[in-house]
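# Fold and contact review
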Amino acid sequence: METTFTTAGLRRGMTLIWHVAISGFFFAIAVGVVARDAGMSWLEAVVMSGVVFAGASQVAIIDLWQSPLPLLVIALTTLGVNSRMLLMGASMREWFRPLKRRTIWASFFFLTDINWAMAIAERRKGETDAALLMGSGMLLWATWVTGTAIGHAVGGAALDPKALAFDVLVPAFFVIMIKPIWTGRKQLLPWATAAAGAILADSFIPGNAHVIVGGIAGSLVGGLLRDR
């Protein structure tokens with residue numbers, strides 16, 4: 001399929017992800033509150049959200065925030081948690097290959113679990129406009145940074161995402177995305193392997209290794225089956 005990159009694709013990406021961005025906004029508020037409680041300044045918390053732009057990694061950073069800062073530990077922890085992005089990026093290689101390098105790098109800065117799942121689902125349905133990923137990511141980024149800023153500045157539990165049931169939106173979105181990604185029974189074994197690997201790693205390996213173990217296990221099985 002031919003690859004395009006248009007402003008219409010940017011807008012479409014934002015349209016497809018806006019409801020999940022609301023959930024991310026409220027979670028970012030919680031991150032801002034926790035960051036303030038951990039001793040981060042308002043500017044530090046906002047810059048962290050703007051540059052790192054990864055919820056799980058940011059929570060890990062906040063847990064490690066102390067004086068003096070364990071920079072090496074923070075870097076390795078962030079690398080470990082976000083290493084799943086390598087697999088996610090690789091899965092979109094063919095789609096983005098025709099684009100200019102600066103467009104690819106800019107798009108993948110905004111890569112998250114959510115808009116990756118959405119973009120892959122749309123690609124499976126015949127979508128050619130790669131700007132979908134950037135557009136959706138830009139909206140997620142804007143709401144994430146804004147939520148962090150508000151959470152740190154205001155604090156408190158006035159906008160608790162669980163109390164408002166916004167925490168249901170993200171898992172519900174992934175459940176919905178299963179249908180367009182599903183291509184047949186052949187996917188059952190890789191998915192089951194990924195789930196089993198993640199559960200076992202979460203039980204026996206400290207940290208966030210379950211993300212990588214599950215992803216690699218499922219990918220290996222999927223690759224072996226594809227070669228047959």
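Residues numbered from 1 in each chain as written. Predicted model: local features only at pLDDT ≥ 70, side-chain atom pairs only at ≥ 80, totals over all residues. Heavy atoms only, no water.

Our next topic: the overall build of the protein. Looking only at helices and strands, the protein features 12 helices and 0 strands. Starting at the N terminus and walking to the C terminus, you meet the elements of the protein as α-α-α-α-α-α-α-α-α-α-α-α. Counting all 228 residues of the protein, 40% fall into the buried class. Taking the intrachain contacts of the protein between residues at least 6 apart in sequence as the baseline, contacts between residues at least 24 apart amount to 80%. As presented, the protein carries roughly 12,700 Å² of accessible surface, and 69% of it is formed by carbon and sulfur atoms. (Helix = DSSP H or I, 4+ residues; strand = E, 2+ residues; numbered from the N terminus. Buried < 20%, exposed > 50% of the residue type's maximum accessible area, 1.4 Å probe, protein only. Contact = heavy atoms within 4.5 Å. Areas by Shrake-Rupley, 256 points an atom, 1.4 Å probe, with all protein chains shown as cover.)

Quick look at the nonpolar core now. One finds Ile 17, Met 40, Ile 62 and Leu 140 to be the most contacted residues of the largest nonpolar core, which totals 22 residues. Where this core is concerned, the elements lending two or more residues are α1 (7-37), α2 (42-51), α3 (55-64), α8 (113-124) and α9 (131-154). Tallying contributions element by element places α1 first for this core, with 7 residues. With 11 residues, the next largest nonpolar core counts Met 92, Phe 96, Ala 130 and Leu 133 among its residues. (Core = buried A, V, L, I, M, F, W, Y, C linked by side-chain atoms within 4.5 Å.)

Within the fold, Ser 136 resides in helix α9. A relative accessible area of 0% places Ser 136 in the buried class. A distance of 3.4 Å separates polar atoms of two side chains, one belonging to Ser 136 and the other to Asn 115. In contact with Ser 136, not counting residues within four places along its chain, are Gly 13, Met 14, Ile 17, Asn 115 and Met 118. (Polar contact = N/O pair within 3.5 Å; in protein donor to acceptor, adjacent residues only side chain to side chain.)

This next bit is on the environment of Leu 79. By secondary structure assignment, the location of Leu 79 is in helix α4 (residues 71-82). Residues Leu 79 and Ser 57, spaced 22 residues apart in sequence, show a C-alpha to C-alpha distance of 8.4 Å.

Attention now goes to the layout of surface pockets. Taken as a whole, the second largest pocket holds about 540 Å³ of empty space. Surrounding the second largest pocket, 18 residues form its lining, Met 85, Gly 89, Trp 105, Phe 108 and Leu 111 being those nearest its centre. When residues of the lining of the second largest pocket are traced back to their parent elements, those giving at least two are α5 (84-90), α6 (93-96) and α7 (101-109). Counted by class, the lining of the second largest pocket contains 14 nonpolar, 2 polar and 2 charged residues. (1 Å grid on protein atoms, 1.4 Å probe; cavity = no way out; pocket = protein on both sides within 12 Å on 5 of 7 lines; lining within 4 Å. Points joined across faces, edges and corners; volume = space filled by probe spheres on them. Nonpolar A, V, L, I, M, F, W, Y, C, P; charged D, E, K, R; others polar.)

Next up on the list: helix α11 (residues 188-204). For an α-helix, 3.6 residues make a turn, and residues three or four places apart therefore share a direction. Taking 1.5 Å of rise per residue, the 17 residues of α11 would be expected to cover 24 Å, and the 24 Å separating its terminal C-alpha atoms lies within 8% of that figure. All of the buried residues in α11 are Pro 190, Gly 197 and Ala 201. Looking straight down α11, one finds its buried side chains confined to an arc of 30 degrees; they lie on one side. Of the residues in α11, the exposed ones pointing more than 90 degrees away from the buried face are Ile 199, Leu 200 and Ser 203. (Expected span 1.5 Å × (residues − 1). Arc of directions from axis to C-beta.)

According to the stated counting rule, one finds 4 salt bridges in the structure shown. Measuring nitrogen to oxygen at the nearest pair gives 3.2 Å for the salt bridge that ties Arg 12 to Glu 127. Of this pair, Arg 12 sits in helix α1 while Glu 127 sits in the loop between α8 and α9, and the two are 115 residues apart along the sequence. Owing to a relative accessible area of 35%, Arg 12 belongs among the partly exposed residues under this scheme. A salt bridge links Lys 125 to Glu 122; the shortest N-O distance between them is 3.0 Å. (Salt bridge = Lys/Arg side-chain N within 4 Å of Asp/Glu carboxyl O.)

Of the consecutive residues Ser 67 and Pro 68, the connecting peptide bond is found in the cis state with omega at 0 degrees. Along the polypeptide, Pro 68 turns up in the loop between α3 and α4. Look at Phe 53: it is not a glycine, yet its phi comes out positive at around 50 degrees.

Note on placement: Leu 71 falls in helix α4. Along the primary structure Leu 71 and Ile 61 are separated by 10 residues, whereas in three dimensions their C-alpha atoms are 9.7 Å apart.

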